[in-house]
Amino acid sequence: MMKSMTTAVSQAGDNVHTASRLIPGENDVLYGRGYLIISHKGNMRFREMADTRRAEFASSKRRIDKRRIANEIYDAVSGLSGRFLTEDPARLSRPNDPVLDRVWILADKGTAITKIMHRLREKEKPAKKKKTDEGAVSSERSMPGPAKACNAITNIKADDASHREDVLSLGGGGLDSGDLDLAELTQDQTVNDLGDSDISIFGELDLSESSLCNVFDELEASGNHNRSLSPASFGISHEAYEMGTAEGDDAMADVSGKVKLREWIDQSVNRQAQSIREHITRAIPVAIHIVQSLLDGGADEEKSLNRNPPVASMHCGNVSLVVMDGDVKRALFSCQHDSNQYEGIRVHRLGKLGCILFELFSRQCPKQPPSSADPSLTRSLNLNSSSARPAKRKHLNEGYDADVSRLKLLQIPEPVCFLIRCLLECNREDFRMNESYESFRDVMEDLILMRDNPSCYLEDPIVDLSNPTFLTKDKLCGRKEEVARIESLFMQRSCNGILVSGGAGAGKSQLAYSVMARLTSQTESYFFKSKFDQTKSSIPFSTVGSVFNQLCDEFHQNATESQSTAVRIQLEAALGSQVAILADILPSLFKIMSVDSSATSSEYVDRAMNVSFTLRTFIETVSCYSRRVTFLFDDVQFADQSSLRVLSNVLADLRDNSNVFFVFCHRDNTGDFFDTWLKSIAVTSLQTVHLNNLNIDGVNELVSQSLNTFPRITRPLALALISKTQGNPLFLHQLLESLRLHGLISFNLNSRRWIWDMDKILNLEVSDSVLTFMVEEMLQLPEELRHVLKISACLGSSIKLRAFDILAPELNVDLRDLLRQVVEKGYMLRAPGERIQFAHDKVQEAAYEMQTDTEKKTNHLNFGLILCLSVIDGDEDELFFLSMSQLNRGDMSSLPTPKRTMIAALNHKAGCRAWELSDFPTALSMHQQGIANLPDDHWSSEYDLSRKLHLSAVEASCSLNNIEVTKELAQVVVRNTRNQDDKLKVSFIASKCLLQCDQLDESREVSSAILKQMNEREPRQFINPLVAISLIKMKFRLEKMTNEQVLSMKLSKNQDRDKFLLDVYISLVAVMQQSKSSDRRRFPDLGLRMMEITLSNGLTPASGMAFTVLSAVFASAGKADLAYKLAKIALRLSDKFDSNRYRGRASLGLGGFVAWAKEPLRACAEIHLAGKQFADRCGDMVTSFSNQQFYIMYLFCCGTDLEKLQPLLKKQIERAMKREQHFASVSAYGVYWASQFLRGQHDEEHPHDLPSWNDLVFKQERGDSNGTWVVLSYQYIQSFLLTKEFRGFPSEGFLNQVLSSNAPLVVLTITGIFFEGIVSFCRALSSHNRDGYKEGVAVLAFLKKWAGINRQTFENKYMLLEAMVSEFEDDKAEGLYIRAIDLARKGQFIHEEGMAHELLGDYMFRRNIKPRAFRCYSEAMRCYRDWNAMAVVERLQRDIEVKFGSSAPMDT
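Starting afresh in each chain, residues are numbered from 1 along the sequence in its written order. For a predicted model such as this one, the threshold for reporting local features is a pLDDT of at least 70, and the threshold for listing and counting side-chain atom pairs is 80 or more; totals across whole chains, interfaces and linings nevertheless cover every residue. To obtain the side-chain values, all non-hydrogen atoms of the structure were used and water was disregarded.

Visitor: Explain the overall build of the protein here, please?
Guide: Going along the chain from the N terminus, every DSSP run of H or I of four or more residues is numbered as a helix, and every run of E of two or more is numbered as a strand. When its secondary structure is counted, the protein shows 66 helices and 16 strands. Across the 1452 residues that make up the protein, the buried fraction comes to 57%. Sequence-distant contacts, at least 24 apart, represent 72% of the contacts inside the protein between residues at least 6 apart. Split by element, the accessible area of the protein, about 61,100 Å² in all, is 49% carbon and sulfur. Three exposure classes are used, based on accessible area relative to the maximum for each residue type with a 1.4 Å probe and protein chains only: buried under 20%, partly exposed in between, and exposed over 50%. We call two residues contacting when some pair of their heavy atoms lies within 4.5 Å. In these tables, accessible area is a Shrake-Rupley quantity obtained with a 1.4 Å probe, and a residue counts as shielded only by the protein chains included in the view.

Put into structure tokens, the structure is as follows:
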């Protein structure tokens, strides 16, 4: 097995160039040429900074002051997190290459300061002048330096137009010296912009100084250089010519001069300290420029031969190099076009290129004979002589071999020797070897590979000659698009994660880890990873918990004292006693804060949701005080249900947190459950990156890098391999290694290159399945290695070495030594923490498949027995769960009964531990396995163990909402248990499970049966006179009791029984709240009985709920004062017992049904916000959701900006779509649609499964919805504010429906009744409808009562209705309207203030006081606009146009 199987974890950072590469940001300043550099945001901002300081710079007299200004600009760029970046000189790009594809490195500060000062010295752009006749005859003497140069250039005669165009190709530039500063000229400006000089004959030329420097270089290279012309003669200083900077194409490029290639080589020879390897590294870019100059003739090499230098001119003496800052930027051939010279064909040119590169790399002259095809050519040093005789064919091989041998003696790297040989071979024409070059483009590609990836294509392969092996590279071959997409998504703060999907072996893990490790390193952010085990034999929640635990460790190491203190305070405030639950999952939490494990509250409703809340709170809190955090979860398809559920909830809660980024890797088509999970997280902002198998280019890249051979050579082999593997990367790695082991790919010691037998590879038969292929390969291993692979495959994908140490003595095998051997073969890897893991999950599958089913079960059982006996009394959770996993996968039918009973007891222990860790699927599985291992007569022979296993299993299945299993196990307990309390307990658990799954009738029946067994009466309906009498008595009793008397009551002597009984009643309350109206009539008697138990027996943690329920009963009866008193007592009792479970419900009862009658609506909203937090702590998602919905409802009724409500509304409807059965869900849909209609955004895209507004109205009309009143309330709101259509409402009236129901009132219902009154009066005023008037008066009387109780909330509403009544009676409406406006403004009800202004405007318009009416309408529009109800604004604008005409102003 090849070492290429290593994951990115073990070989990250091997590719130095990739790891050190910087990604330019929008605030960075880039050095370079081209439009892309000019238009980069950072460069544009830099130029603006410099331009604003230029005048100050010019007026400064001292150099120290000038440098200070430059330093301040440098600091300003750095203050924006900007950097000064330059391209890596070893890997320069072309001007048109995208910025992100270039290799950027950090420029030193000194260079940056110099460049900034160059920019500051530039002069202002000269103003454009119109061309005049006088300007056309200006003398050459008055021309600026650049214009003189242009005038001189016109005298140059080129052979043809194309050559002339080449000579005059100009770049942008600008310096701080010269007669005329052209720094501000861009490529779009012409010579005509310079002034009056008559130089328009040159057309659209860029005549900046650096451009002219390029012209002089061209002239010198072409041989047409007039020695009388020099940069200095045209006003360009020597310093500007040698060291100038330019803005245009090259923001910061320095020119150093031009040398002949031979001179450059000689200078390299004179550098005695420079090794041959250092020279080769410097020479590679030079070779690239030389080949590029041969390619510049055109894209088609055949058509461009006449534009390339003749063969006779292709030698070192005719090559010039343009050098900038010591780096070669360009190569030029100086040649004379003579029709008598032999032009030569391509192979001759390639051969001559080989001679040039031989001399370049070896720093010596080649000695091979020339090609016989050209009798005029001689050796390299005498190419222009015609006296030498052509070499004979038989001497050609000797010459080429001698040259290559000289290269090797000079210790030239083998790849360079091979490249030169392939070029020199071209001189043999038809006798050249297959690997010889066919085009300059092929040469260019190989040289670029040497430059960009020297470890693979330039250095000699590092091979153990005794056992040659190759390392398949970690580089992401063929994944350029996927890498770019991941980089882009990571940089987008609107995206909080990605899903990397693909088939098995597609390279998902390697791609995700390699890219994210590099990106997080570059951005200095945290990166944590974890991998799920397909055997699920690890500690429950360990995979999820491990990454968050790593965050604990890193934050503890790097956080400041103030940051640690802030995190500790916030976590304590948000979690309270639930911090201890978090500490069970995150052991390192103790490093951040002190945790009292004894303070853990056992009061929870849904433990999994509780864990989700604590984890989400931890991540959100820490991420606010840390660097950006990235979490990578690999092989998510193997995750357990609990982990997936937690991840789903954390994702949903953190989707707006741009400081947290998630990466999930998973296989395609992995099963229904995982597909369901993927759909559940579709609402988050995760983006998908899908990996297919590699195409031929990707396969060839992989093969090329594995064999350290140029891609043009390996392409035939890649074509053969892709046909056998379909381009699957894992399959390719396996097949390459197999070919090496069988000798079909081998390392040639003479040429020091990998070679292969192409014919045999093509004829090789290979399995279509990578799994089958790997099994076949493993079966050829020695027996002992197969044995250790089988052991490892049984234990899991990642195993502690301690497990092997325990097994080794019993198996009588040196497992450590065998593991070392399989690691050497690449099947497994060493991992941190004294662990070992499989290189790929497919390797584990293959090792596991080497065993028969019987062998698998036997091994699992034996390994489990050995491990459990060693760790049964220890505290090694991981090994304990591993041992139980092994036992449960084994065949225990042959074990004796005592041993199976022992294993059953161990299963109970493991299940309880999994429960503590909140992994309920594992807990249920362990308990069920324990039950299966019990003997047939276990209820008699092993009663205690049977009872424990069944009770624990019932509780675990209920936590998973598994109704069938819960009912089945509960019935077994009821039939067999000897304890009445056990029967009641499992029955209540079953009742809760039924309630959670919406089986209300069955849940009510089970709860009623429990009450009957406890000798409790059946709850009576409210119509029963005894209920009314009992309520009156209870009312008088409670009114006499003070709050202190209640809080100081004694505790119940039978706490457990009384609490259990109250919980049963609480469950019935929840059922009846969601049931039909006849069941709701039993609600008062439920509250009455709960209060009787509390007052008679004493207080329990659940006693607060008795006060909560009864407060709602008295609130619906109009006893607001008593209801408010009881609700406040309920909240204080919950605080007394520190019960988050009952706190959340008490807050819901207080804020939702009582407090609105006494406190301002915004104070009620805060009560619900706190209640949501309490409910989240205990995992009570129903109460949390309901509190959140009331919170949103109160904000809506307060007139909160509708735009600010949108994030809350969207998150709430996503939760509501999972909870269709709840009243709060309908309320969530209603307020969402009402908000959308008011904002005018109802046509925008909505969640796919979201019920439409018409669906809600249809259900309301049929009476099918528990939220009928909610929908009706929003219908009245829309009727007045949007449509002004006052019809289609219930004939009996909304108010009458509410009063006849005896249901508790909520503020939205009263708001709907208020709008019913508005609509009724509007209908009466518009059509003189007497029925409408009567309905309005009834609403007025109803609101008068509540206005007397809570003036802050209801007085302005009452006053507005009173004003409308006044229009019918005494016509004192104006003063009342104004009073209503003032009250609404005082209460900060911006929407109701707008309504009052609009109704006052209607009143004034009916009385023909139009100016006053118009002002009122204008004020109404202002209020609606502040409310962000733009649809209402548009409706009112249309009304104004109808009333006042189009000439009336629409806005004031």
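That shown, we press on.
Visitor: Just checking my understanding: could you explain the packing of aromatic side chains for this structure?
Guide: What describes a pair of aromatic rings is the distance from one ring centre to the other and the angle between the planes of the rings. Within 6.5 Å between ring centres, the rings of Phe, Tyr and Trp (the latter by its six-membered ring) count as paired, and their orientation is classed by plane angle as stacked under 30 degrees, edge-to-face over 60, tilted in between. Tallied over the entire structure, the rule returns 38 aromatic pairs. Between tyrosine 74 and phenylalanine 84, the aromatic rings sit 5.2 Å apart at their centres with planes inclined by 5 degrees, giving stacked as the arrangement. Separated by 10 residues along the polypeptide, tyrosine 74 in helix α5 (residues 63-79) and phenylalanine 84 in strand β2 (residues 84-87) bring together distant segments of the chain. Tyrosine 74 sits in the buried class, given a relative accessible area of 17%. A relative accessible area of 2% places phenylalanine 84 in the buried class. Note on geometry: a ring has a charge over it if NZ (lysine) or CZ (arginine) is within 6 Å of the ring centre and within 35 degrees of the ring normal. Here lysine 909 stacks its cationic end above the ring of phenylalanine 880, 5.0 Å away from the centre of that ring. Over the ring of tyrosine 943 we find arginine 978; its NZ or CZ atom is 4.0 Å from the centre of that ring.

Visitor: It is not clear to me how the packing of helix α44 (residues 1000-1013) against helix α47 (residues 1055-1073) should be interpreted in this structure. Could you clarify?
Guide: The axes used here are C-alpha line fits, helices contributing only the stretch in contact, and every angle between their N-to-C directions lies in the interval 0 to 180 degrees. Their axes nearest at 10 Å, the elements α44 and α47 cross at an angle of 155 degrees. Comparing their axes, α47 and α44 come out roughly antiparallel. In terms of crossing hand, the pair formed by α44 and α47 is left-handed. Across from Leu1000, Ser1003, Arg1004, Ser1007, Ile1010 and Leu1011 in α44, the residues of α47 making contact are Phe1060, Leu1061, Val1064, Tyr1065, Ser1067, Leu1068 and Val1071. Side-chain classes follow a simple rule in which Ala, Val, Leu, Ile, Met, Phe, Trp, Tyr, Cys and Pro form the nonpolar group, Asp, Glu, Lys and Arg form the charged group, and the remainder, Gly included, forms the polar group. In the contact of α44 with α47, the residues fall into 9 nonpolar, 3 polar and 1 charged. An angle counts as roughly parallel when it lies under 35 degrees, as roughly antiparallel when it exceeds 145, as roughly perpendicular when it falls between 65 and 115, and as oblique in every other case. Note on convention: near helix rotated counterclockwise from far helix by under a right angle means a left-handed crossing. Clockwise means right-handed.

Visitor: It is not clear to me how the sheet that holds strand β3 (residues 104-106) should be interpreted in this structure. Could you clarify?
Guide: Two orientations exist for strands paired in a sheet by backbone hydrogen bonds: parallel and antiparallel. On the basis of which strands lie adjacent, the open sheet formed by 3 strands has the order β1-β2-β3 and mixed pairing. With one partner strand each, in any of the chains shown, β1 (29-30) and β3 form the two edges of the open sheet. Any two strands with at least two DSSP bridges between them are considered paired. In the sheet, β1 pairs with β2 via 2 bridges, with the strands oriented parallel. Within β2, the position partnered with leucine 30 by the bridge is leucine 85.

Visitor: What am I meant to see in the sheet that holds strand β14 (residues 798-800) here?
Guide: The strand order across the open sheet built from 3 strands is β14-β16-β15, with neighbouring strands paired in antiparallel fashion. The sheet is open, and its two borders are formed by β14 and β15 (828-831), each paired with just one other strand. Averaged over all adjacent pairs, the angle separating strand axes in this sheet is 25 degrees, with direction ignored. In this sheet, strand β16 (residues 835-838) lies alongside β14 in antiparallel orientation, the contact comprising 3 bridges. Looking at the pairing, lysine 800 lines up with arginine 835 of β16. The strands touched by helix α33 (residues 801-811) within the sheet are β14, β15 and β16, with β14 carrying the most contacts at an inclination of about 60 degrees.

Visitor: Help me understand the environment of isoleucine 462, please; the structure alone is not making it clear to me.
Guide: The residue isoleucine 462 is located in the loop between α18 (454-457) and α19 (480-491) in this model. The exposed category is assigned to isoleucine 462, whose relative accessible area is 86%.

Visitor: Mind showing me how you'd approach the pairing of strand β12 (residues 745-748) here?
Guide: If a strand is regular, its side chains alternate between the two faces of the sheet. The side-chain alternation of β12 yields one buried face, formed by Ile745 and Phe747, and one unburied face, formed by Ser746 and Asn748. Pairing geometry for β12 and strand β13 (residues 753-756), over 4 bridges, is antiparallel. Paired with isoleucine 745 across the two strands is tryptophan 756, which belongs to β13.

Visitor: Would you take a moment to explain the nonpolar core for this structure?
Guide: Generally speaking, soluble globular proteins have nonpolar side chains that are buried together. Counting 156 residues, the largest nonpolar core has Leu1038, Trp1156, Phe1196, Phe1280, Leu1281, Ile1318 and Tyr1424 as its most contacted members. The greatest single-element share of this core, amounting to 12 residues, is contributed by helix α60 (residues 1307-1327). Ignoring anything within four residues of it in the chain, the contact list for phenylalanine 1280 reads Phe1286, Phe1315, Ile1318, Val1319, Cys1322, Met1395, Glu1398, Leu1399, Tyr1424 and Arg1435. Grouped together as the second largest cluster of nonpolar side chains are 101 residues, Phe773, Ala923, Ala956 and Leu969 included. Remark: nonpolar core denotes a set of buried residues (Ala, Val, Leu, Ile, Met, Phe, Trp, Tyr, Cys) joined through side-chain atoms within 4.5 Å.

Visitor: Can you walk me through unusual backbone geometry in this structure?
Guide: Among all residues except glycine, the phi angle is most often negative; among peptide bonds, the trans geometry is most common. A positive phi angle, close to 55 degrees, is found at aspartate 635, a residue other than glycine. Examined against the element boundaries, aspartate 635 turns out to sit in the loop between β9 (629-634) and α25 (641-654). The exposure class assigned to aspartate 635 is buried, which follows from its relative accessible area of 3%. Located in the positive-phi region is asparagine 1428, a residue other than glycine, with phi close to 65 degrees. By secondary structure assignment, the location of asparagine 1428 is in the loop between α65 (1410-1426) and α66 (1430-1444).

Visitor: Teacher, can you tell me more about the pattern of salt bridges here?
Guide: Note on pairing: side chains with opposite charge can pair once their charged atoms come close. We define a salt bridge as a contact between a side-chain nitrogen of Lys or Arg and a carboxyl oxygen of Asp or Glu at a distance within 4 Å. Under the criterion given, the structure shown has 70 salt bridges. The salt bridge involving arginine 53 is made with glutamate 72; its shortest N-O contact spans 2.6 Å. Residue arginine 53 is located in helix α4 (residues 41-59), and its partner glutamate 72 is located in helix α5; the two are separated by 19 residues in the primary sequence. A salt bridge links aspartate 982 to arginine 947; its shortest N-O distance comes to 2.4 Å. One end of the pair, aspartate 982, is in helix α43 (residues 980-996); the other, arginine 947, is in helix α41 (residues 943-959), with 35 residues separating them in the sequence. Owing to a relative accessible area of 4%, aspartate 982 belongs among the buried residues under this scheme. The class for arginine 947 is partly exposed, based on a relative accessible area of 26%. Each of Glu1016, Arg1017, Arg1020, Asp1085, Arg1089 and Glu1092 takes part in a single network of salt bridges with overlapping partners.

Visitor: Just to check I follow, could you spell out the packing of helix α13 (residues 276-295) against helix α14 (residues 346-362) for this structure?
Guide: Two packed helices can be described by the angle between their axes and the distance between those axes. It is at 9 Å that the axes of α13 and α14 come closest, and there the two elements cross at 155 degrees. The orientation of α13 with respect to α14, classified from their angle, is roughly antiparallel. Crossing angle aside, the handedness with which α13 passes α14 is right-handed. Here Ile276, His279, Ile280, Ala283, Ile284, Val286, Ala287, Ile290, Val291 and Leu294 of α13 lie close against α14, whose contacting residues are Leu353, Ile356, Leu357, Leu360 and Phe361.

Visitor: I'm lost on the environment of aspartate 640 in this one. Help?
Guide: Structurally, the position occupied by aspartate 640 is in the loop between β9 and α25. For the pair aspartate 640 and threonine 543, spaced 97 residues apart in sequence, the C-alpha to C-alpha distance is 9.9 Å. We call two N or O atoms a polar contact when they sit within 3.5 Å, provided that within protein one can donate a hydrogen and the other can accept it, with sequence-adjacent residues counted only if both atoms are side-chain atoms. A polar contact is formed between the side chain of aspartate 640 and the side chain of serine 643, at a distance of 2.8 Å.

Visitor: What exactly am I supposed to notice about the pairing of β16 here?
Guide: Neither face of β16 is exposed, since Arg835 and Gln837 on one face and Ile836 and Phe838 on the opposite face are all buried. Strand direction decides the pairing type here: β15 and β16, joined by 4 bridges, are antiparallel. Within β16, the residue paired with alanine 831 across the bridge is arginine 835. A loop of 3 residues connects β15 with β16, the two strands running antiparallel in sequence, and glycine 833 in this loop sits at a positive phi of about 75 degrees.

Visitor: Which parts of the structure should I look at to understand helix α32 (residues 783-795)?
Guide: For α32, built from 13 residues, the straight-helix expectation of 18 Å at 1.5 Å per residue is met to within 8% by its first-to-last C-alpha distance of 19 Å. A large share of α32 lies buried, amounting to 10 of its 13 residues. Of the positions making up α32, those classed as buried are Leu785, Arg786, Val788, Leu789, Lys790, Ile791, Ser792, Ala793, Cys794 and Leu795. Following α32 by one or two positions, glycine 796 has its phi on the positive side, about 145 degrees. By this rule, a helix spans an expected 1.5 Å times one less than how many residues it contains.

Function cannot be inferred from these measures alone, as they are strictly geometric.
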